[in-house]
Amino acid sequence: MSAYIESLSRVRGFFGGSGSDLMNKKEAIAKVLSLVVPRSSDGPSSTKSSDVCVLYLGTATYDLQKPMDRQTVRFKEAGCRVTQISCARDTPSHEILKDKVEEADVIIVSGGNTLFAVDRWESCGLNGLLCDAMMRGAVLCGGSCGAMCWFDSGHSDSNDPSSFQHAMLHEASTNGDATSHGVNSATEADAADESSSAPSDGATSAAWDYIRVPCLGFLPGLCCPHFDKVQSNGVLRAVDVEGMALRHPGERVVCIDHHAALVCEGGGVYSVFRLPAAQGSVRSDGSFAADRSGEPGVWIKDVVHGEVTSSLVPDTGKLSDILRPATGIHEDPAVHACRRWNPFVPTP
């Protein structure tokens, strides 16, 4: 257990409930940058934004330009240098991957298709380099896929056909996103989150189910982002995740509202970030609000004697008090079909 607690003490990260909806906000990026520590103990106690290198991984949105613009524009406004690894449709050399990761002070993962992204990183050998970066103190961050990818597993919309490569590339080509020339202002960067929206009144819900996807395993738990939201299948994630918990009772579920984040401060300490004045699932009395009439928050779910229990995560505390290693992990059989439907297609 001491080795486990020691590994938690090394994690510095910002794990948000949404991609662009959260990572495009100045308050979120300010919190991320506050986690950066100098690489040298001989240097100043804090790092200037102009000295920070931010590495963007947009594999989950197939390295399209506009998702990158939306999720990095605030870093650029703060004076950070932003680099990118593109491996959704190409396979960079190990030397390129190693150099990019090693120079990064912050690593941000986009929202999007988590299963595709994690599979590509493992195929490219990027997963080991990311682990090395975490151990040396690089800040890991992102929302949606960018949050769940760091955990053992995730409650994922990777089974949503609109998140598949052919669908996203077609939409990008049709709308001109694929040839976007960068975002130069916050106004231009404002756009929809990568996750699908709930059906409009009277519209038919899309026919797809959430699935449990295996992730990198840097943090224990099954992460559920967008916890307080409904997506295009018409199902509230807070409801669906309880069924998933019962199917995977050995894993503790970490549920993060759309406008909240679990922040690993370093030293094994965490805090809960919530976007000011945003909707969420936490009422003033600490109870759950399915109608999002409360403020954003983070919840923990366990299966005890065949029943799902829920508890609100306190605003601050020790990571070891809210995260625990799985007592058993069972893969979701739906993952195999999803991989067939959304395979890696290299650039011709």
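Everything here concerns the structure above.
To keep things clear, this report deals only with the structure shown in the data block.

What counts as what
- Residues numbered from 1 in each chain as written.
- Predicted model: local features only at pLDDT ≥ 70, side-chain atom pairs only at ≥ 80, totals over all residues.
- Heavy atoms only, no water.
- Phe/Tyr/Trp six-rings, centres within 6.5 Å; stacked < 30°, edge-to-face > 60°.
- Helix = DSSP H or I, 4+ residues; strand = E, 2+ residues; numbered from the N terminus.
- Buried < 20%, exposed > 50% of the residue type's maximum accessible area, 1.4 Å probe, protein only.
- Salt bridge = Lys/Arg side-chain N within 4 Å of Asp/Glu carboxyl O.
- Pairing = 2+ DSSP bridges.

### A word on the packing of aromatic side chains
Then step 1. One pass over the full model with this rule turns up 7 aromatic pairs.
Then step 2. Aromatic pair Phe-288 and Trp-299: ring centres 5.9 Å apart, planes at 80 degrees, arrangement edge-to-face. Here Phe-288, found in the loop between β11 (269–274) and β12 (298–304), pairs with Trp-299, found in strand β12; they are 11 residues apart in sequence, far enough to count as distant.
Then step 3. Taking the relative accessible area as the measure of exposure, Phe-288 reaches 31% and is therefore partly exposed.
Then step 4. When its relative accessible area of 7% is taken as the criterion, Trp-299 is described as buried.
Then step 5. Members of the aromatic cluster, connected to one another through ring pairs, are Phe-227, Phe-288 and Trp-299.

### Description of the pattern of salt bridges
Then step 1. Under the definition given, this model contains 14 salt bridges.
Then step 2. In this structure, Glu-295 engages Arg-274 in a salt bridge whose closest nitrogen and oxygen atoms are separated by 3.6 Å. With Glu-295 in the loop between β11 and β12 and Arg-274 in strand β11, the pair connects residues that are 21 residues apart, well separated along the chain.
Then step 3. Residue class for Arg-274 comes out partly exposed when judged on its relative accessible area of 23%.
Then step 4. Asp-302 is paired through a salt bridge with Arg-324; the nearest N and O atoms lie 3.3 Å apart. Residue Asp-302 is found in strand β12, and its partner Arg-324 is found in the loop between α12 (319–322) and α13 (334–341); the two are separated by 22 residues along the sequence.
Then step 5. According to the relative accessible area criterion, Asp-302 is buried, its value standing at 12%.
Then step 6. With relative accessibility at 23%, the residue Arg-324 sits in the partly exposed group.

### Remarks on the pairing of β12
Then step 1. Along β12, 5 of the 7 residues are buried, which leaves the element largely enclosed by surrounding structure.
Then step 2. Sheet analysis places strand β9 (residues 253–256) next to β12, joined by 4 bridges and oriented antiparallel. What sits directly across from Val-254, in β12, is Ile-300.
Then step 3. Bridge analysis of β12 against strand β13 (residues 307–312) gives 6 bridges, and the strand direction is antiparallel. When the sheet's bridge partners are listed, Val-303 is paired in β13 with Val-308.
Then step 4. Adjacent in sequence and paired antiparallel, β12 and β13 are bridged by 2 residues, among which His-305 carries a positive phi angle near 50 degrees.

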